Amino acid sequence: MSQIEIVEIIEQIKQEIEVDTNGQAKASLRATARLAGVSAVAILKTLDSVNLEPSKLAQMLMDSGFEAVNLTEWRTIGIPDMAIAIILEYYAYEAGRYCTKQARLVCRSFNTIGIRAWIQDKLGWTKPVTDNKTGMTEIQLLAALAKHLAEQEQHLLQQQQQQTEILHRLKAVEVEQDRVNTPCGHKYSVVGFANLQGLEISVKEAGTKGRKASALCRKQGIEIERIHDPRFGKVGLYPESVLIEVFSTGQN
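Computed from a predicted structure; not experimentally measured.

Definitions and limits used
- Residues numbered from 1 in each chain as written.
- Predicted model: local features only at pLDDT ≥ 70, side-chain atom pairs only at ≥ 80, totals over all residues.
- Heavy atoms only, no water.
- Pairing = 2+ DSSP bridges.
- Helix = DSSP H or I, 4+ residues; strand = E, 2+ residues; numbered from the N terminus.
- Contact = heavy atoms within 4.5 Å.
- Axes fitted to C-alpha atoms, helices over the stretch in contact; angles between N-to-C directions.
- Left-handed = near helix turned anticlockwise from the far one by under 90°.
- Nonpolar A, V, L, I, M, F, W, Y, C, P; charged D, E, K, R; others polar.
- Phe/Tyr/Trp six-rings, centres within 6.5 Å; stacked < 30°, edge-to-face > 60°.
- Lys NZ or Arg CZ within 6 Å of the ring centre and 35° of its normal.
- Patch = residues over 30% accessible without salt bridge, like charges linked within 9 Å, V, L, I, M, F, W, Y side chains within 5 Å.
- Areas by Shrake-Rupley, 256 points an atom, 1.4 Å probe, with all protein chains shown as cover.
- Salt bridge = Lys/Arg side-chain N within 4 Å of Asp/Glu carboxyl O.
- Buried < 20%, exposed > 50% of the residue type's maximum accessible area, 1.4 Å probe, protein only.
- Arc of directions from axis to C-beta.

1. Some words on the sheet that holds strand β4 (residues 187–188)
Pairing is antiparallel across the open sheet formed by 3 strands, whose spatial order is β4-β6-β5. Each end of this open sheet is capped by a strand with a single partner; those strands are β4 and β5 (225–229). Pairing analysis gives 5 bridges linking β5 to strand β6 (residues 233–239), with the strands arranged antiparallel. What sits directly across from I227, in β6, is V235. Of the strands in this sheet, β5 and β6 touch helix α11 (residues 203–220), which is tilted by about 55 degrees from β6. Where helix α12 (residues 240–248) meets the sheet, its contacts fall on β4 and β6, and the angle it forms with β6 comes to roughly 95 degrees.

2. Some details on the packing of helix α2 (residues 29–36) against helix α6 (residues 81–94)
As a packed pair, α2 and α6 sit with axes 9 Å apart at the nearest point and diverge in direction by 35 degrees. The handedness of the crossing between α2 and α6 is right-handed. Where α2 approaches α6, its residues T32, L35 and A36 are matched on the opposing element by I84, I87, L88 and Y91. Partitioning the contact of α2 with α6 into residue classes produces 6 nonpolar, 1 polar and no charged.

3. Some details on the packing of aromatic side chains
According to the stated counting rule, one finds 4 aromatic pairs in the structure shown. Each ring, one from Y90 and one from Y91, has its centre 4.9 Å from the other, and the planes form 80 degrees; the classification is edge-to-face. On the numbers, 6.0 Å between centres and 50 degrees between planes, the contact of Y188 with F193 is tilted. Ring pairing ties together the aromatic residues Y188, F193 and F247, which thus form one cluster. One Lys or Arg, K209, reaches over the ring of F247 and ends 4.8 Å from the middle of that ring.

4. A look at a nonpolar patch on the surface
Together, I166, L167 and L170 give the surface a local cluster of nonpolar side chains, amounting to about 300 Å² of exposed area. Position of L170 relative to the elements: it lies in helix α9 (residues 138–181).

5. Some words on α12
Inspection of α12 places V242, L243, V246 and F247 among the buried residues, and these make up the whole buried set. Buried positions in α12, seen along its axis, are confined to an arc of 125 degrees and lie on one side of it. Contact partners of the buried residues in α12: β4, α10 (190–196), α11 and β6.

6. A word on the pattern of salt bridges
Summed over the entire model, instances satisfying the criterion amount to 5 salt bridges. We note a salt bridge from E18 to K26, for which the minimum N-O separation is 3.8 Å. Between R75 and D48 there is a salt bridge; the shortest N-O distance is 3.0 Å. Within this pair, whereas R75 is found in helix α5 (residues 68–77), its partner D48 is found in helix α3 (residues 40–48), the two being separated by 27 residues in sequence. Exposure remark for R75: the relative accessible area of 44% places this residue in the partly exposed category.

7. Describing the sheet that holds strand β2 (residues 25–27)
Judged by pairing direction, the sheet is antiparallel, and its 3 strands sit side by side in the order β1-β2-β3 without closing on themselves. On the outer flanks of this sheet lie β1 (17–19) and β3 (79–80), each paired with one strand and no other.

8. Thoughts on the environment of T208
For T208, the location among the structural elements is in helix α11. For T208, a relative accessible area of 18% corresponds to the buried category. In the structure, T208 is positioned 38 residues away from V246 in sequence and 9.9 Å away in space, judged by C-alpha atoms.

Quick look at the structure:
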């Protein structure tokens, strides 16, 4: 789960939140569950538990001033913003093995400004102007924070991609340097060397020269590399110096 994905989830549940004229906000049970990274059934069980044996989350909500009857009503009327903050905190840090990384990420992203301010922003609610205060509002700070975190993550992804490309290029350079630095120079197949020299060579002739090159390599104690060729199956790679000697001795 990333900041970019959090922004996407927020946009998806935008229609399931609302704010009244006083700025107090609430969200549907499903939207709250999406924010916390859990199933709606998990939230529903918490609300239903107040009628029997309250769960830990239900007890946290009631300890914060919400009554049991409130929790039951939230199934249909929505969950108030202050209760959403408690639910997010529970699934971020208090739910044990049911804690979610998404809940922790949402808490870090929005709790410093407040869940209410976030919902107000998403619904386009603005506080009536009573004076000439200047500077960024809470809503503007929230929007700037969400945008900044998403941009940071995108920048990190780009850096990682660039580093991967650089490593590939360095590897290619190392391979080429290794070939240049070897006493025997570059290695080629018989056909590859012939093509490099602009020479036409038959299959029979290539086989003959390949056998000669192999004999020279064995004589000089040079290990012969083998690669796959779609036309001939396995073919040998021979040092450039060996191939020069083989081709200079004549056509056969």
